[in-house]
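Geometric and topological summary
Next come the chains, spelled out residue by residue.
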Amino acid sequence: MSPFTPEQAKALKAWTLRYPKPQMGLVEALRDVQRSHGWVRPEDEAFIAELFDVPLDRVHAVAAFYPYFTLTPAGKHRVCVCRNLSCHRRGGDRMLEHLRKRLGVPEGEATPDGLFSYEAVECLGACDHAPAFSVGDELVGAASEELIDKVIEDLKAGKPVQQAPIVIGATGPESGRKLLTKHFGEPELHRLEVYRRFGGYSALEKASRMRPADITSEVKRSNLRGLGGAGFPTGMKWETVPPKSQRDEPHYLVANADESEPGCYKDRALMERNPHALIEGLAIAARAVEADALFIFIRGEYARQKRILEEAIEEARKAGAIAQDIFVMRGAGAYISGCDTALLETMEGRKAWPRQPPPFPTVSGVFGRPTVVNNVETLMMLPAILRDGGEAFAKIGPQGSGGTRVYSVSGDVERPGIYEFPMGAPLSGILAAAGGVRGGRRLKAILPGGASTPVLTAEEAAKARMDFDGLRSAGSSLGAGGLVVLDETADMVETLHIIERFLRHESCGQCAPCREGSGWVARILSRILEGNGIPEDLGNLSRISGNVAGRVICALGDSVGMAAKAMIEKFPEDFRRRIHA
Ligand SMILES: Cc1cc2nc3c(=O)[nH]c(=O)nc-3n(C[C@H](O)[C@H](O)[C@H](O)COP(=O)(O)O)c2cc1C
Ligand code: FES
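Along each chain, the written sequence defines residue order, and numbers are assigned to residues from 1. Chain letters and ligand numbers both follow the written order, the letters beginning at A and the numbers at 1. Residue-level local features of this predicted model are given only where pLDDT is at least 70; pairs of side-chain atoms are given and counted only at 80 or more, and the full residue set underlies all totals for whole chains, interfaces and linings. Only hydrogens and water are set aside; all other atoms, that is, all heavy atoms of the structure, feed into the side-chain values.

1. Overview of the overall build of the protein
Applicable threshold: Numbered from the N terminus, helices here are DSSP runs of H or I no shorter than four residues, and strands are runs of E no shorter than two. Only the C-alpha atoms count toward the radius of gyration. The rule for a globule is 2.2 Å times the residue count to the power 0.38. Each residue is placed in one exposure class: buried if its accessible area under a 1.4 Å probe, protein chains only, is under 20% of its type's maximum, exposed if it is over 50%, and partly exposed if it falls in between.
Helix and strand content of the protein: 26 helices and 15 strands. Rg of the C-alpha trace for the protein: 23 Å, near the compact-globule value of 25 Å for 581 residues, within the 12% margin. Referenced to the eigenvectors of the C-alpha coordinate spread, the extents of the protein come out at roughly 70 × 65 × 45 Å. Each of the 581 residues in the protein was classed as buried or not, and the buried ones make up 59%.

2. Comments concerning the site of ligand 1
Heads up, the condition is: If a single non-hydrogen atom of a residue is within 4 Å of a molecule or strand, that residue counts as near it. Any pair of nitrogen or oxygen atoms within 3.5 Å is treated as a polar contact; in protein, a donor-acceptor pairing is required on top of that, and neighbouring residues in sequence qualify only through side-chain atoms on both sides. Exposure was quantified through the Shrake-Rupley algorithm and a 1.4 Å probe, taking into account, for residues, occlusion by the shown protein chains and nothing else. Under this grouping Gly is polar, as are all residues other than the nonpolar Ala, Val, Leu, Ile, Met, Phe, Trp, Tyr, Cys and Pro and the charged Asp, Glu, Lys and Arg.
For ligand 1, the set of nearby residues contains 18 residues, the closest of which are G228, E259, D340, N375 and T378. Contacts to ligand 1 include G228, whose backbone N or O atom sits 2.8 Å from an oxygen atom. Within the side chain of N375, one N or O atom sits 2.8 Å away from an oxygen atom of ligand 1. For ligand 1, whose unbound accessible area comes to 600 Å², protein coverage reaches 90%. Counting residues per element, the shell around ligand 1 draws most heavily on strand β8 (residues 371–375), which supplies three residues. Across the shell around ligand 1, the residue classes break down as six nonpolar, eight polar and four charged.

3. Notes on the domain arrangement of the protein
Here is the rule we go by: Domain ranges listed in this record stem from an automatic or a database domain assignment.
Under the domain assignment, the protein is made up of domain 1 (6–65), domain 2 (77–156), domain 3 (192–396), domain 4 (404–487) and domain 5 (492–580). Taken over C-alpha atoms, the centre of domain 1 sits 42 Å from the centre of domain 4.

4. Looking at the pattern of salt bridges
For the record, the criterion: Throughout this description, the term salt bridge denotes a Lys or Arg side-chain nitrogen within 4 Å of a carboxyl oxygen of Asp or Glu.
In this structure the tally under the stated criterion is 50 salt bridges. Among the ionic pairs, R441 bridges to D487, the shortest N-O distance being 3.1 Å. Taken together, the residues span a long stretch of sequence, with R441 in the loop between α19 (427–433) and β12 (443–447) and D487 in strand β15 (residues 482–487) at a distance of 46 residues. Classification of D487 as buried rests on a relative accessible area of 0%. Ionic pairing is found between R578 and D491, a salt bridge with its closest N-O pair at 2.7 Å. Taken together, the residues R578 in helix α26 (residues 572–580) and D491 in the loop between β15 and α22 (492–506) connect sequence positions 87 residues apart. Relative accessible area serves as the criterion here: at 16%, D491 is assigned to the buried category. Each of the salt bridges in this network shares a partner with another, and the network as a whole consists of E28, R31, D32, R35, D137 and R330.

5. Examining the packing of aromatic side chains
For the record, the criterion: In this analysis, rings of Phe, Tyr and Trp, with Trp reduced to its six-membered ring, are considered paired at centre separations within 6.5 Å, and the interplanar angle assigns stacked below 30 degrees, edge-to-face beyond 60, and tilted for intermediate values. Only when the NZ of Lys or the CZ of Arg is both within 6 Å of the ring centre and within 35 degrees of the ring normal is a charge said to sit over the ring.
One pass over the full model with this rule turns up 10 aromatic pairs. Through pairs of rings, three or more aromatic residues link up here, namely W15, Y19, Y252, F295 and F327. Over the aromatic face of Y68 sits the side chain of R31, whose NZ or CZ is 4.0 Å from the ring centroid. Looking at R523, its charged tip hangs above the ring of W520, at a distance of 4.6 Å from the centre.

6. Focus on the side chain of K244
Formally: Contacts are assigned to residue pairs with any non-hydrogen atoms lying within 4.5 Å of each other.
Turning to its location among the elements, K244 is positioned in the loop between α11 (234–239) and β5 (252–257). A relative accessible area of 18% means that K244 is categorised as buried. Sequence-distant contacts of K244, defined by excluding residues within four places in its chain, comprise E249, H251, E290 and D292.

7. Some points on the pairing of β5
What counts, and what does not: Think of it this way: DSSP has to see at least two bridges between two strands before they count as a pair.
Judged by how many residues are buried, β5 sits mostly within the fold: six of six residues are covered. Taking every second residue as pointing to the same face, both faces of β5 are buried, with Y252, V254 and N256 on one and L253, A255 and A257 on the other. Pairing of β5 with strand β6 (residues 293–298), which is carried by six bridges, proceeds in the parallel orientation. Across the sheet, the residue bridging to A257 is I298, located in β6. Relative to β8, β5 runs parallel, the two sharing five bridges. What sits directly across from L253, in β8, is V372.

8. Side note on the packing of helix α12 (residues 266–273) against helix α14 (residues 303–318)
Heads up, the rule is: Axis angles are defined between N-to-C directions and span 0 to 180 degrees, where every axis is a line fitted to C-alpha atoms and, for a helix, only to the segment in contact. By definition, any crossing whose near helix is turned counterclockwise from its far helix by less than a right angle is left-handed, and any crossing with a clockwise turn is right-handed.
Put simply, α12 and α14 touch, their axes get as near as 8 Å, and they point 35 degrees apart. Here the hand of the crossing between α12 and α14 comes out left-handed. For the pair α12 and α14, contact is made by R268, M271 and E272 and by R304, Q305, I308 and L309, respectively. Taken together, the residues that form the contact of α12 with α14 break down as three nonpolar, one polar and three charged.

9. Structural notes on the sheet that holds β5
Overall, parallel pairing links the four strands, which are arranged β7-β6-β5-β8 in an open sheet. Both edges of this open sheet fall to β7 (326–330) and β8, since each of them pairs with a single strand only. Taking each pair of neighbouring strands and ignoring which way they run, the sheet shows an average axis angle of 25 degrees.

10. Focus: unusual backbone geometry
Of note, the bond from A130 into P131 is cis; its omega dihedral lies within 30 degrees of zero at -5 degrees. Tracing the sequence through the fold places P131 in the loop between β2 (116–121) and β3 (132–135). Cis geometry is found at the peptide bond from P357 to P358, where omega equals -5 degrees. When you line up the elements, P358 lands in the loop between α15 (340–347) and β8. Unlike most non-glycine residues, N223 shows phi in positive territory, near 60 degrees. With respect to the helices, strands and loops of the structure, N223 is situated in the loop between α10 (212–222) and α11. Of note, E259 is a non-glycine position whose phi angle comes to about 30 degrees, a positive value. With respect to the helices, strands and loops of the structure, E259 is situated in the loop between β5 and α12.

Rendered as structure tokens:
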């Protein structure tokens, strides 16, 4: 007998028809299963395996891999509280303790009435709302004991959760030239008509009259570098895509909106306020790389942003602003899905194990097709480049890093929010725009590109310039532009423990140095925090973490080593104090 009602079975079947290949709907179908039953049962896995015509062990591997799925019953309403750095600094652990007492069950277990369960999660992409919490697929806002109680009572009474308005954050008032956030004061910017009033879709019209190679040349002139983390020159990446004249088969283009690096939430804000800029950017890139199938791969927690994007896509299509459809696909709670080669696996309906290039995705991506993966913000820059010309864009930033970039600022700062600055801006100016360190305290450190980028001391931060090369020479990385600010009260052993615990949790387990190294590093740090550190710990931490970087497939493993190395070298006193205390 089918474990599903005829309506549920029909909805699941629809996922096999939604995307260019049936298996691309597998993760979405399992999301439906999790939502309808509160967990993925063995009989559900068997049903999905048959429906998608894939082996049962593959479905089980997917269900076991992604944190969104549970293999034991979760509550009807899953309350998730972020425990990562920016939320930890603002009381996330206290909120978890409150939930434990309030619901009276261990983490992950459903209450006896089956209504609720709670869990600590890694960054929800809402660090401006720290301590952030979500219910089901919806981000609610900044948690407080009162708000959590109210949400629980509302849900018990069958009322919908009142979502706190998602704060876009301020955009830097003194940030000089702005390309993406210039019109953020306009409340209706997400509507096609308003976007058009500010010149929206004129760049796409221009691109439609250009040859693909000429669009790529313009982008190369702009010095646009990928804003998803690696900083690879965008035009150069596109040039590696085999043209249709050489490989006459479907080409794919994916906007990477997975955004799960702790401290980063700028893509969320950009998509929410300015969805048409992403749609226009995707359509321009599609022309340059001759893509036929266009995707936005968005993290599942961005339910609201997904709705806004889908409405905007529909509006743009109906008005004839874009010719093609854009598929929106969701992940299932795994940070590693944001890594481009792992993302391809999630899209194919598998667990997100990164692939070892070569071949690179541009040559062999989704189902072996040429696939370009670009970050949301990278794609959003394209309309400005086409409209004003690559040279004008390049001139905004220093040599080698054109244009502006949008920073997510969070942690111990007065005004968390997103701030747009020209590339090469001094870090101190961004911190000042965000109101400086909270409560008039002294700055201790900054993680400049997201929680897993190497830490900068206050002295280094005072001199740092925010562009790819500038931060590399300062021994860190611009990453995805997530500035996590730590004041003088921050304990760097605790900070490193949170980072390493996150990396261990998110390690996909494929490369032994990352899988084992992240575990050892997190365990040693736990021991030091519990007061049981031994003098050999520092040497062991350096040795173990040093053996991970450079011996793994993807950059997650590199972060395990680099984060630990920088923290131990720059704040040795914090470690010694705990070990000898
Ligand atoms: C563990 C890991 C997570 C990543 N997460 C993201 C992400 O959420 N969004 C993103 O754009 N890039 C992410 N990246 C970088 C992508 O692999 C890829 O470089 C990027 O999407 C390319 O787009 P860009 O060239 O426009 O930056 C991640 C990389 C790693 C190793
Ligand atoms: S939402 Fe908590 S650290 Fe990002």
